[in-house]
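Architecture at a glance
Residue-level listing of the chains:
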Amino acid sequence: NDDTIVTQYTMTTIEELGLLKMDFLGLRNLTVIRDAEMQIQKMNPGFSMDNIPDDDAATFRMLTEGKTQGVFQLESAGITSVCVNMKPTSIEDMTAIVALYRPGPMDSIPTFIANKLDPRKITYKTPLLEPILKVTYGCIVYQEQVIEIFRSLGGYTMGQADNIRRAISKKKMKVIEEERKVFVYGDREKGIPGCIAKGVSEAVAQSIYDEIVAFANYAFNKAHAVCYAVVSYQTAYLKCHYPRQYMAALMTSVLDSAAKISGYIAECKEMGIAVLPPDINHSEDKFTVEGQSIRFGLGAVKNVG
């Protein structure tokens, strides 16, 4: 492909050959954050996204009120209602929202919310689960928690635990059923003591394994969810504290979509921000902040080259 060497092997073949596979996601929202930061610096030269607090009460209050339009990952009606019901108070909570709002984990959202709002409802099948699941109010949410359960309760090494997690997520039923015995009773050859040796009863170990198998198909990688939650939080913070600069940057990012721009103009109106019409003397190519208003960018006018 031009001067680049390209192969056309499927990803599983690449992995089996021992090669490293990487997925790169381009996020428009990172550009939005940078553009908003540059607009804010015109008014406040010392401003930097690196220095914003990560526990801003006003930002979390805005999300709890359902004002999520234009916030990364939290715009859809369904996830907005999760924000309203869950009342997030930390990036950890936002990480869980991002990970839970998908087919499968969605079923545990009501339990998660109930446990968060009333910690007395949290139960653990064995005290060994508390340090692993405390951060998610007793629910299994992340792949890393599945690995940690195999490690702490079954006595697996990190590598062994990750191999089983992968087998479960790929639905390899033969491996899943064989591994049940190892998880519960252990395997001397593999050096795995098993749950019973750790003082967990057989019935509890079986029931934990059932829960893992039912859930691990959908379990989300926490490292990935945290990255998304941080970007969500940063966009929410900007919308909360620098709404004009943020909305201008957001509309600039969708210059070619009249439908999205009209939606964001309606959101500006809702927020009490006037969007001034395009003006040959005042407009730039993109949306800009002008006084207490936002000036329409000429780049968004149809057929203006």
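See the structure printed just above.
None of the values given here were measured: they were computed from a predicted structure. (Residues numbered from 1 in each chain as written. Predicted model: local features only at pLDDT ≥ 70, side-chain atom pairs only at ≥ 80, totals over all residues. Heavy atoms only, no water.)

Let us look at the nonpolar core. Formed by 57 residues in total, the largest nonpolar core has its most connected members in L63, L74, F112, L238, F287 and I294. Mapped onto this core, the elements with two or more residues apiece are helix 2 (28-43), helix 3 (57-64), helix 4 (77-86), helix 5 (91-100), helix 6 (109-117), helix 12 (222-241), helix 13 (243-252) and helix 14 (258-270). A total of eight residues in this core trace back to one element, the largest contributor, which is helix 12. Discounting residues that sit within four places of it in the chain, L238 has contacts with I33, A36, I40, F47, M49, P243 and Y246. With 27 residues, the next largest nonpolar core counts I140, I208, Y209 and I212 among its residues. (Core = buried A, V, L, I, M, F, W, Y, C linked by side-chain atoms within 4.5 Å. Buried < 20%, exposed > 50% of the residue type's maximum accessible area, 1.4 Å probe, protein only. Helix = DSSP H or I, 4+ residues; strand = E, 2+ residues; numbered from the N terminus. Contact = heavy atoms within 4.5 Å.)

Turning next to a nonpolar patch on the surface. There is a patch of nonpolar side chains on the surface, built from L20, M22 and F24 and spanning about 430 Å² of accessible area. Considering the arrangement of structural elements, one finds L20 in the loop between helix 1 (11-16) and helix 2. (Patch = residues over 30% accessible without salt bridge, like charges linked within 9 Å, V, L, I, M, F, W, Y side chains within 5 Å. Areas by Shrake-Rupley, 256 points an atom, 1.4 Å probe, with all protein chains shown as cover. Salt bridge = Lys/Arg side-chain N within 4 Å of Asp/Glu carboxyl O.)

Okay, helix 12 next. Along its 20 residues, helix 12 runs 28 Å from first to last C-alpha, staying within 8% of the 28 Å computed at 1.5 Å per residue. For helix 12, every residue scored as buried is listed here: A225, Y228, A229, V231, S232, Y233, Q234, T235, A236, Y237, L238 and K239. Residues of helix 12 that are buried sit in contact with helix 2, helix 3, helix 5, helix 13 and helix 14. The N-terminus of helix 12 is capped by N221, whose side-chain oxygen sits 3.0 Å from the backbone nitrogen of A223. (Expected span 1.5 Å × (residues − 1). Polar contact = N/O pair within 3.5 Å; in protein donor to acceptor, adjacent residues only side chain to side chain.)

Strands pair in a sheet through their backbones, by hydrogen bonds, and they do so in one of two ways: parallel or antiparallel. Strand order in the open sheet made by the three strands is 1-3-2, with mixed pairing throughout. Strand pairing shows two members of the sheet lacking a second neighbour, strand 1 (275-276) and strand 2 (288-290), which therefore form its edges. Pairing of strand 2 with strand 3 (residues 293-295), which is carried by three bridges, proceeds in the antiparallel orientation. The residue bridging T288 from the neighbouring strand is R295, located in strand 3. Sitting on the sheet, helix 13 is in contact with strand 1, strand 2 and strand 3, with an inclination near 25° to strand 3. (Pairing = 2+ DSSP bridges. Axes fitted to C-alpha atoms, helices over the stretch in contact; angles between N-to-C directions.)

Counting buried positions along helix 5 gives nine out of ten residues, so the element sits mostly inside the fold. Next to the buried residues of helix 5 lie helix 3, helix 4, helix 6 and helix 12.

Contact pair helix 4 / helix 6: the axes reach a minimum separation of 10 Å and the direction vectors enclose 25°. Regarding the angle of helix 4 to helix 6, the classification is roughly parallel. Contacts between helix 4 and helix 6 involve V82, N85 and M86 on the former and, on the latter, I109, F112, I113, K116 and L117. Residue classes in the contact of helix 4 with helix 6 are distributed as six nonpolar, one polar and one charged. (Parallel < 35°, antiparallel > 145°, perpendicular 65-115°, else oblique. Nonpolar A, V, L, I, M, F, W, Y, C, P; charged D, E, K, R; others polar.)

A few words on the packing of aromatic side chains. This structure, assessed with the given rule, holds ten aromatic pairs. Both rings, one in Y233 and one in Y237, keep their centres 6.4 Å apart while their planes meet at 40°; by these two values the pair is tilted. Taken together, the residues Y233 and Y237, both in helix 12 and four residues apart, mark about one turn of the helix. For Y233, a relative accessible area of 2% corresponds to the buried category. Through pairs of rings, three or more aromatic residues link up here, namely F150, Y156, F183 and Y209. (Phe/Tyr/Trp six-rings, centres within 6.5 Å; stacked < 30°, edge-to-face > 60°.)

Moving on, we come to the pattern of salt bridges. Considering all chains together, one arrives at 16 salt bridges under this definition. Close ionic contact of R165 with D162 constitutes a salt bridge, the shortest N to O distance being 2.8 Å. Remark: D162 and R165 occur in helix 9 (residues 158-169); sequence separation between them is three residues, near one turn of the helix. By relative accessible area, R165 is classed as buried at 12%. Across the pair R166 and D162 runs a salt bridge whose closest N-O atoms are separated by 3.7 Å. Here D162 and R166 lie together in helix 9, a separation of four residues that amounts to about one turn.

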